[in-house]
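Chain by chain, the residues:
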Amino acid sequence: MIALHINIDHVATVRQARQISEPDPVTAAGLVELAGADGITIHLREDRRHIIDRDVRILRETVQTRLNLEMAATAEMFGIALETRPDIVTLVPEKREEVTTEGGLDVAGAPESMHKGIAQLREAGIRVSLFIDPEEEQIEASQKAGAEDVELHTGCYANAERGILQDKEYERLVSAAEFANEQNLQVNAGHGLNYINTQRICGLPHLRELNIGHSIVSRAIFVGLTQAVQEMREIIILNS
Ligand code: PXP
């Protein structure tokens, strides 16, 4: 079955709105694991706008499933990852002014320092995933860079108008998933997925993991985290 990794950044967004200690993403992680999540994803941003260093440290100790740390490919972040040793590191592009991650990582044009960082993570036994647009050039570059996984950016599919435009974006994802599998890369996907558009994404060939955050945390405000996770899991179970 396709694994569901839940991004709990936006629990921390609510906490940081007041700069106090609640709601604690550590509590959220425990709850979503109990509800059936296969992994916990967090993005430690340079500006610490939601997840903060303390969360990474504590979650490393408390997460019982798998901890996936999303981060920019900077010297600071490679240092934190090597020290805290999450199960997976997903490298993402990061711009201070963006509201959320925009576009995939340009692996094809990446500097040598990124390749060195990936090699260090792998030597430390950390799985490396690269968040990329569904393009052959980026997939080939990811394979050459030494990644084990690619996370295909589903944002364009999610934002496209339903109909021909969304069908086109879906076909791009299908081709990319086939190509990534041929390159011996594990195929993951995420960004912008919700309770409506995830169903079709589950039909992508070779798909192993989904990373979903905002829609689940949003629904949790109304129905609670447990139900929000279980409803997404049901969509995945029915369509895997
Ligand atoms: N995957 C990556 C690489 C991301 O950066 C994000 C957003 O932090 C997600 C998945 C989850 O996206 P969303 O919150 O839209 O579900």
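Attention in this report is confined to the structure presented alongside it. Worth saying up front: this structure is predicted, and the values here are computed from it rather than measured.

### Considering the nonpolar core
Here is step 1: Formed by 72 residues in total, the largest nonpolar core has its most connected members in Ile8, Leu91, Leu130, Ile201, Leu210 and Ile216.
Here is step 2: In terms of residue count, helix α8 (residues 164-182) provides more of this core than any other element does, seven residues in total.
Here is step 3: Excluding its chain neighbours within four sequence positions, the residues that come into contact with Leu210 are Ile2, Ala3, Leu4, His5, Ala189, Leu193, Thr198, Ile201, Cys202 and Ile236.

### Regarding the site of the ligand
Here is step 1: In the vicinity of the ligand there are 13 residues, among which Thr101, Glu151, Gly192, Gly213 and His214 approach most closely.
Here is step 2: Residue Gly192 places a main-chain N or O atom 2.8 Å away from an oxygen atom belonging to the ligand.
Here is step 3: Residue Gly213 places a main-chain N or O atom 2.8 Å away from an oxygen atom belonging to the ligand.
Here is step 4: If the ligand stood free it would expose 390 Å²; the protein chains cover 94% of that surface.

### Here's the deal with the side chain of Gln138
Here is step 1: Residue position: Gln138 is located in helix α6 (residues 136-145).
Here is step 2: The exposure class of Gln138 is buried, given its relative accessible area of 6%.
Here is step 3: Those residues in contact with Gln138 that lie beyond four places of it in its chain are Leu105, Asp106, Val107, Ala108, Ile132 and Asp133.

### A word on the pairing of strand β8 (residues 207-212)
Here is step 1: Within β8, five of the six residues are buried, which leaves the element mostly enclosed by the surrounding structure.
Here is step 2: Bridging between strand β1 (residues 3-7) and β8 involves four bridges; their strand directions are parallel. The residue of β8 that forms the bridge with His5 is Asn211.
Here is step 3: Bridging between strand β7 (residues 186-190) and β8 involves four bridges; their strand directions are parallel. Among the inter-strand pairings, Asn188 is bridged to a residue of β8, identified as Glu209.

### Describing the side chain of Thr41
Here is step 1: Structurally, Thr41 can be placed in strand β2 (residues 39-43).
Here is step 2: Given a relative accessible area of 0%, Thr41 falls into the buried group.
Here is step 3: A polar contact is formed between the side chain of Thr41 and the side chain of Asn211, at a distance of 2.6 Å.
Here is step 4: Not counting the four nearest positions on each side in its chain, Thr41 is found in contact with His5, Ile6, Asn7, Ile8, Asp9, Asn68, Glu70 and Asn211.

The rules behind these values
- Residues numbered from 1 in each chain as written.
- Predicted model: local features only at pLDDT ≥ 70, side-chain atom pairs only at ≥ 80, totals over all residues.
- Heavy atoms only, no water.
- Core = buried A, V, L, I, M, F, W, Y, C linked by side-chain atoms within 4.5 Å.
- Buried < 20%, exposed > 50% of the residue type's maximum accessible area, 1.4 Å probe, protein only.
- Helix = DSSP H or I, 4+ residues; strand = E, 2+ residues; numbered from the N terminus.
- Contact = heavy atoms within 4.5 Å.
- Near = heavy atom within 4 Å.
- Polar contact = N/O pair within 3.5 Å; in protein donor to acceptor, adjacent residues only side chain to side chain.
- Areas by Shrake-Rupley, 256 points an atom, 1.4 Å probe, with all protein chains shown as cover.
- Pairing = 2+ DSSP bridges.

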